[in-house]
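# Observations on chain architecture
In case you want the letters, here they are:
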Amino acid sequence: MKQKVTKEGKLLETLFVLFEDISKKKVKNYLKEGGVLVNDKVITKYNFKVKPNDTIELNKVNKTHHKSALEIIYEDNDFLVINKPAGLLSVGTNKEKEKTAYHLVREFIKNRNKLDKIFVLHRLDKDTSGVLVFVKNSTLKNILQNNWDKYVKTREYFALVSGKVIDVIDYVCYLKEIGPDKVIITNKKDGKKAITTIKTISSNNKYTLVKVNIKTGRRNQIRVVLSSLGNSIIGDKKYGNINSNRLYLHASKLTLINPLNNKTYTFKSGLPSSFKKVGNLK
């Protein structure tokens, strides 16, 4: 279902007008569950401003999602996006094959239709929560993975860190993997370039909540960079030796272009309430 916007206003109010034949409760569910696209971008904010000639589309929300063991943020013919919990592997390892996001998503897909397939597009660290994207065909997977910087436009995270933070834009360093489970900052010759932007959201004398955007997807990039700047992530035992019940790093937004139809998609996951609670932040 598609409609053209005729008057500037807030998204939810505009939805009520353009889709007046649909109940307000159902419209709100479309918005909450990622079923609203504005100019081909998934939008979930009720107060998002729309303008005349914007195109709004409602995508049917899959009613089988309540049977999934994981929270599904969005699904269509090409993508299935979940809100991965902290402590769950993205994919299997030599020691663990089944307690993974991929295994749970694959089982969910197969239980609906044994002929359907699902592919891993990218990964999050086991202890990082948030937006994790799977794709439904190998062609799309290969194009996106082989042209990652071309099609992936935004990778945004929330992090709760120790101390006061000095904001940085496009901070450049060089990272090197040493062994199977450790990354260090090194020189240009020996390392791979990493670009990171860090912006303070709120802070007190002990903790700071930051928004982090990365232009490169190096292994452990955010954890290593924040640690090197003196602001280790709470719960990061590897790079900060800060004990907590979890790593307070959350993948909040990923924007990409689908090369098969040239549509832009933005997948979001809100800030977990525990971040502000643990940091005693407003």
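First things first, this report covers the structure right here in the doc. Bear in mind that the values here come from a model prediction, so they are computed numbers and not experimental data.

## A short note on the sheet that holds strand S4 (residues 41-42)
What the four strands build is an open sheet, ordered S1-S6-S3-S4; its pairing is antiparallel. Two strands bound the open sheet, and with one partner strand each, they are strand S1 (2-4) and S4. Pairing of strand S3 (residues 36-38) with strand S6 (residues 55-58) involves three bridges; the strand directions are antiparallel. Paired with Val 38 across the strands is Ile 56, a residue of S6.

## A few points about the side chain of Ser 232
Tracing the backbone shows Ser 232 in the loop between helix H6 (221-228) and strand S16 (249-258). Judged by relative accessible area, which is 10%, Ser 232 ranks as buried. The residues contacting Ser 232, other than those within four sequence positions of it, are Leu 160, Val 161, Ser 162, Leu 226, Ser 227, Tyr 239, Gly 240 and Ile 242.

## A few points about the side chain of Thr 216
Tracing the backbone through its elements, the reader meets Thr 216 in the loop between strand S15 (207-214) and H6. Among the polar contacts made by the side chain of Thr 216, one reaches the main-chain amide nitrogen of Ile 195 at a distance of 2.9 Å. In terms of polar contacts, Thr 216 uses its side chain to reach the side chain of Gln 221, at 2.9 Å. Once you skip the residues sitting within four places of it in the chain, Thr 216 turns out to touch Arg 155, Lys 193, Ala 194, Ile 195 and Gln 221.

## Concerning the pairing of strand S7 (residues 71-75)
Of all five residues that make up S7, four are buried, and the element is covered over most of its length. Pairing of S7 with strand S8 (residues 79-84) involves four bridges; the strand directions are antiparallel. Residue Ile 72 lies in a different strand from S8, and its bridge partner there is Ile 82. Counting the residues that bridge the hairpin from S7 to S8 gives three residues.

## Some thoughts on the packing of aromatic side chains
Centre distance and the angle of the planes are the two values used to describe a pair of aromatic rings. Applying the stated criterion across every chain yields a total of six aromatic pairs. Judged by centre distance (5.0 Å) and plane angle (70°), the ring pair of Tyr 248 and Phe 275 falls under edge-to-face. One end of the pair, Tyr 248, is in the loop between H6 and S16; the other, Phe 275, is in helix H7 (residues 273-279), with 27 residues separating them in the sequence. The pair formed by Tyr 248 and Phe 275 is uniform in burial state, with each residue classed as buried. Chaining the aromatic ring pairs together yields one cluster made of Tyr 74, Phe 79, Tyr 265 and Phe 267. Sitting over the ring of Phe 16, Lys 24 keeps its end group 5.1 Å from the ring centre.

## As for the nonpolar core
Core analysis: the biggest nonpolar cluster contains 46 residues, and Ile 82 and Ile 233 have the highest contact counts within it. Once you skip the residues sitting within four places of it in the chain, Ile 82 turns out to touch Leu 70, Glu 71, Ile 72, Ile 73, Ala 101, Val 105, Gly 130, Val 131, Leu 132 and Phe 134. If you look at the next biggest cluster of nonpolar residues, it comprises 19 residues, including Tyr 74, Val 81, Leu 140 and Leu 256.

## Thoughts on the pattern of salt bridges
This model, assessed by the stated rule, comprises eleven salt bridges. A salt bridge links Glu 75 to Arg 112; its shortest N-O distance comes to 2.4 Å. Taken together, the residues span a long stretch of sequence, with Glu 75 in strand S7 and Arg 112 in helix H3 (residues 101-112) at a distance of 37 residues. A salt bridge links Asp 236 to Arg 223, with the shortest nitrogen-to-oxygen separation between them at 2.8 Å. Here Asp 236 is found in the loop between H6 and S16, whereas its partner Arg 223 is found in helix H6, with 13 residues between them in sequence. The pair Asp 236 / Arg 223 is uniform in exposure class, with both members buried. Bridged by salt links that share partners, the residues Glu 177, Asp 181, Arg 219 and Lys 238 form one connected network.

## A word on the packing of helix H1 (residues 11-18) against helix H2 (residues 24-32)
Across the interface, H1 lies against H2 with an axial gap of 10 Å and an inter-helix angle of 130°. Between H1 and H2, the angle falls in the class oblique. In this structure, H1 meets H2 at a crossing whose hand is right-handed. Contacts between H1 and H2 pair Leu 11, Leu 12, Leu 15 and Phe 16 from the former with Lys 24, Val 27, Lys 28 and Leu 31 from the latter. Among the residues making up the contact of H1 with H2, the classes are represented as six nonpolar, no polar and two charged.

Basis of the calculations
Residues numbered from 1 in each chain as written. Predicted model: local features only at pLDDT ≥ 70, side-chain atom pairs only at ≥ 80, totals over all residues. Heavy atoms only, no water. Pairing = 2+ DSSP bridges. Helix = DSSP H or I, 4+ residues; strand = E, 2+ residues; numbered from the N terminus. Buried < 20%, exposed > 50% of the residue type's maximum accessible area, 1.4 Å probe, protein only. Contact = heavy atoms within 4.5 Å. Polar contact = N/O pair within 3.5 Å; in protein donor to acceptor, adjacent residues only side chain to side chain. Phe/Tyr/Trp six-rings, centres within 6.5 Å; stacked < 30°, edge-to-face > 60°. Lys NZ or Arg CZ within 6 Å of the ring centre and 35° of its normal. Core = buried A, V, L, I, M, F, W, Y, C linked by side-chain atoms within 4.5 Å. Salt bridge = Lys/Arg side-chain N within 4 Å of Asp/Glu carboxyl O. Axes fitted to C-alpha atoms, helices over the stretch in contact; angles between N-to-C directions. Parallel < 35°, antiparallel > 145°, perpendicular 65-115°, else oblique. Left-handed = near helix turned anticlockwise from the far one by under 90°. Nonpolar A, V, L, I, M, F, W, Y, C, P; charged D, E, K, R; others polar.

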